[in-house]
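Per-entry structural report
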Amino acid sequence: MTVSVGNAALQIDNADCDIEPVFGDGLEGLTFNIKINASLAEVKGGFDPDELAAGLEDEVRALAEGVLELEKSTGCDFLHLGSALEMRHPVRLRGAAENLALVLPDLDMRVCVSARLDRSFNLDLKETGQ
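Residues numbered from 1 in each chain as written. Predicted model: local features only at pLDDT ≥ 70, side-chain atom pairs only at ≥ 80, totals over all residues. Heavy atoms only, no water.

1. Thoughts on helix 1 (residues 49-74)
Across its 26 residues, helix 1 extends 38 Å between first and last C-alpha, which sits within 8% of the 38 Å expected from 1.5 Å per residue. Of all the residues in helix 1, the buried ones are L52, A53, G55, L56, E57, V60, A64, L68, E71 and K72. Structurally, helix 1 contributes buried residues whose contacts are with strand 1 (2-5), strand 2 (8-23), strand 3 (27-43), helix 2 (81-88) and strand 4 (108-119). Measuring from the backbone nitrogen of D50 back to the side-chain oxygen at the start of helix 1 gives 2.9 Å, which picks out D48 as the cap. Downstream of helix 1 by one or two residues, G75 has phi in the positive range, about 70°. (Helix = DSSP H or I, 4+ residues; strand = E, 2+ residues; numbered from the N terminus. Expected span 1.5 Å × (residues − 1). Buried < 20%, exposed > 50% of the residue type's maximum accessible area, 1.4 Å probe, protein only. Contact = heavy atoms within 4.5 Å. Polar contact = N/O pair within 3.5 Å; in protein donor to acceptor, adjacent residues only side chain to side chain.)

Here is the structure:
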């Protein structure tokens, strides 16, 4: 998958998402930790690898938050989060697969994204301004 960020196109090489339940009296929220490794696919002009990684993080966070908001607003567990949570925490979240849709609208959902630009093919045009 290729994502446009600023004046560059980044190829997503690897992505992973870990879901952590947040407990209080019961399940109060979910934290989604997304890690992405990308490579520079194309660039027009100069670029800063740190700015590209930050831009990619913003893009992915916005996409993930949009999907999660849709899941909450419909009250439908179309991402099958309940099943994933129940498999990882079978005792504490027993029945989550069947019941998560009932509590979705009340859950606090947080998205954390970490992106790393692995390969820029030794192109660092930031210094030359090309």
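2. A short note on the pattern of salt bridges
A side chain of one charge can pair with a side chain of the opposite charge when the charged atoms of the two come close. The final tally for this structure, using the stated rule, is three salt bridges. Measuring nitrogen to oxygen at the nearest pair gives 3.1 Å for the salt bridge that ties D58 to R61. Linking D58 with R61, this pair stays in helix 1, spanning three residues, or about one helical turn. The exposure class of R61 is partly exposed, given its relative accessible area of 24%. (Salt bridge = Lys/Arg side-chain N within 4 Å of Asp/Glu carboxyl O.)

3. Considering the nonpolar core
L10, L30, F32, I36, L52 and L56 are the most contacted members of the largest nonpolar core, which totals 30 residues. Of all elements in the fold, only strand 1, strand 2, strand 3, helix 1, helix 2, helix 3 (96-103) and strand 4 reach the threshold of two or more residues within this core. Sort the elements by how many residues they give to this core and strand 3 lands first, with six residues. (Core = buried A, V, L, I, M, F, W, Y, C linked by side-chain atoms within 4.5 Å.)

4. Quick look at the packing of aromatic side chains
If you walk through the whole model with that rule in mind, you get zero aromatic pairs. The ring centre of F23 lies 3.7 Å from the NZ or CZ of R92, which sits over that ring. (Phe/Tyr/Trp six-rings, centres within 6.5 Å; stacked < 30°, edge-to-face > 60°. Lys NZ or Arg CZ within 6 Å of the ring centre and 35° of its normal.)

5. Considerations on the confidence of the model for the protein chain
In this model, the protein chain carries a mean pLDDT of 87, and residues with pLDDT of at least 70 account for 92%. Of the regions scoring below 50 in pLDDT, residues 125-130 engages in nine contacts with residues more than four places distant in sequence or in other chains. (pLDDT = per-residue confidence, 0-100.)

6. Remarks on the sheet that holds strand 2
The four strands are arranged 1-2-3-4 in an open sheet whose pairing can be described as mixed. Because the sheet does not close on itself, it has two edges, and the strands there are strand 1 and strand 4. Taking the axes of each pair of neighbouring strands and ignoring which way they run, one obtains an average angle of 40° across the sheet. Pairing of strand 2 with strand 3 involves 15 bridges; the strand directions are antiparallel. Bridge pairing in strand 3 links Q11 to S39. (Pairing = 2+ DSSP bridges. Axes fitted to C-alpha atoms, helices over the stretch in contact; angles between N-to-C directions.)

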